[in-house]
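Architecture and fold: a report
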Amino acid sequence: VKLNVFKTSKFVQAKFEEDKTKLIAFYNSKGYRDAEIISDTLYRFDEKSVDVDFKVDPGIKYYFRNITWKGNYVYEDELLDRVLAIEKGETYNLELLDKKLQFNPNGEDVSSLYMDYGYLFSNITPIEVKIEGDSIDIEMRIIEGAKAKINKVYVTGNDRTNDHVIMREIR
């Protein structure tokens, strides 16, 4: 894999370590969850430049297999599967899974489904329950918690509209 991790800049050891972490994250996002850097070599190219060689062992490529839900009482498994939108056989990507569970900037996610219904303190934890060959089974453990209720609403700092108009719109 050709990857341009570095841009032309001054070599900084701390950034180098950060870039190694990003390299592993890149491999993880492509399904290689066991990827590791075996060695890295840093050597001078000329008076102003250095070259870096990495030897990476990606391991095998993994795929999602079965995704099951435990602890969900408010929503059916089928709805949660539809919102999660990860199909059996897709490349295993934990970053994508986390994004589809919480705070997806590009659309709906599972936690917002619960929050929109008043379950502000719900928690969803993906657990790898079985790894067989190149396939991973995931169990989504959900703690829905109690439904939150609004007690009082205060309007402060308002100098353009009557407070009763704002309260009417909130209702």
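Since we're looking at a predicted model, the values are computed, not measured.

Conventions adopted
Residues numbered from 1 in each chain as written. Predicted model: local features only at pLDDT ≥ 70, side-chain atom pairs only at ≥ 80, totals over all residues. Heavy atoms only, no water. Pairing = 2+ DSSP bridges. Helix = DSSP H or I, 4+ residues; strand = E, 2+ residues; numbered from the N terminus. Axes fitted to C-alpha atoms, helices over the stretch in contact; angles between N-to-C directions. Contact = heavy atoms within 4.5 Å. Buried < 20%, exposed > 50% of the residue type's maximum accessible area, 1.4 Å probe, protein only. Polar contact = N/O pair within 3.5 Å; in protein donor to acceptor, adjacent residues only side chain to side chain. Phe/Tyr/Trp six-rings, centres within 6.5 Å; stacked < 30°, edge-to-face > 60°. Arc of directions from axis to C-beta.

**Observations regarding the sheet that holds strand 5 (residues 135-143)**
Read from one edge to the other, the open sheet built from three strands follows the order 3-5-4, with strand pairing classed as mixed. The open sheet has two free edges, formed respectively by strand 3 (63-70) and strand 4 (123-132), since each of these has just one partner strand. Here the average twist between neighbouring strands, direction ignored, is 25°. Each of strand 3 and strand 5 is contacted by helix 2 (residues 77-84), which is oriented at about 140° to strand 3, the strand it contacts most. Packing against the sheet, helix 3 (residues 94-101) makes contact with strand 3, strand 4 and strand 5, and its axis sits at approximately 150° to strand 4.

**Describing the side chain of Ser122**
Inspection of the secondary structure puts Ser122 in the loop between helix 4 (110-116) and strand 4. On the basis of relative accessibility, which here comes to 18%, the residue Ser122 falls in the buried class. Side-chain polar atoms of Ser122 contact the backbone oxygen of Tyr119, separated by 3.3 Å. Not counting chain neighbours up to four residues away, the residues in contact with Ser122 comprise Tyr114, Ile143 and Glu144.

**Points about the side chain of Glu144**
Within the element layout of this structure, Glu144 appears in the loop between strand 5 and helix 5 (163-170). At 2.9 Å, the side chain of Glu144 forms a polar contact with the side chain of Tyr114. With sequence-adjacent residues up to four places away left out, Glu144 is seen in contact with Gly71, Asn72, Tyr73, Val74, Tyr75, Tyr114, Tyr119, Phe121 and Ser122.

**Concerning unusual backbone geometry**
Working note: non-glycine residues mostly have negative phi, and peptide bonds are mostly trans. Look at Ala85: it is not a glycine, yet its phi comes out positive at around 55°. Among the structural elements, Ala85 can be located in the loop between helix 2 and helix 3.

**Points about the packing of aromatic side chains**
Counted under the stated rule, the structure contains eight aromatic pairs. Look at Phe64 and Tyr92: their rings are 5.0 Å apart centre to centre, the planes differ by 50°, and that puts the pair in the tilted class. With a gap of 28 residues between them, Phe64 in strand 3 and Tyr92 in the loop between helix 2 and helix 3 connect regions that are remote in the sequence. When its relative accessible area of 1% is taken as the criterion, Phe64 is described as buried. For Tyr92, a relative accessible area of 2% puts it in the buried group. With 5.1 Å between their ring centres and 85° between their planes, Tyr75 and Tyr114 make a pair best called edge-to-face.

**Overview of helix 2**
Taken as a whole, helix 2 has its buried residues at Leu80, Val83 and Leu84. Down the axis of helix 2, the sector holding all buried residues measures 100°, keeping them to one side. The outward face of helix 2, more than 90 degrees from its buried face, is lined by the exposed residues Glu78 and Arg82. Of the surrounding secondary structure, the elements contacted by the buried residues of helix 2 are strand 3, helix 3, helix 4 and strand 5. Residue Ala85 follows helix 2 closely and has a positive phi angle near 55°.

**Observations regarding the environment of Asn106**
Within the secondary structure, Asn106 is located in the loop between helix 3 and helix 4. Given a relative accessible area of 68%, Asn106 falls into the exposed group. Along the backbone, Asn106 and Lys22 are 84 residues apart, and their C-alpha atoms lie at a distance of 22 Å.

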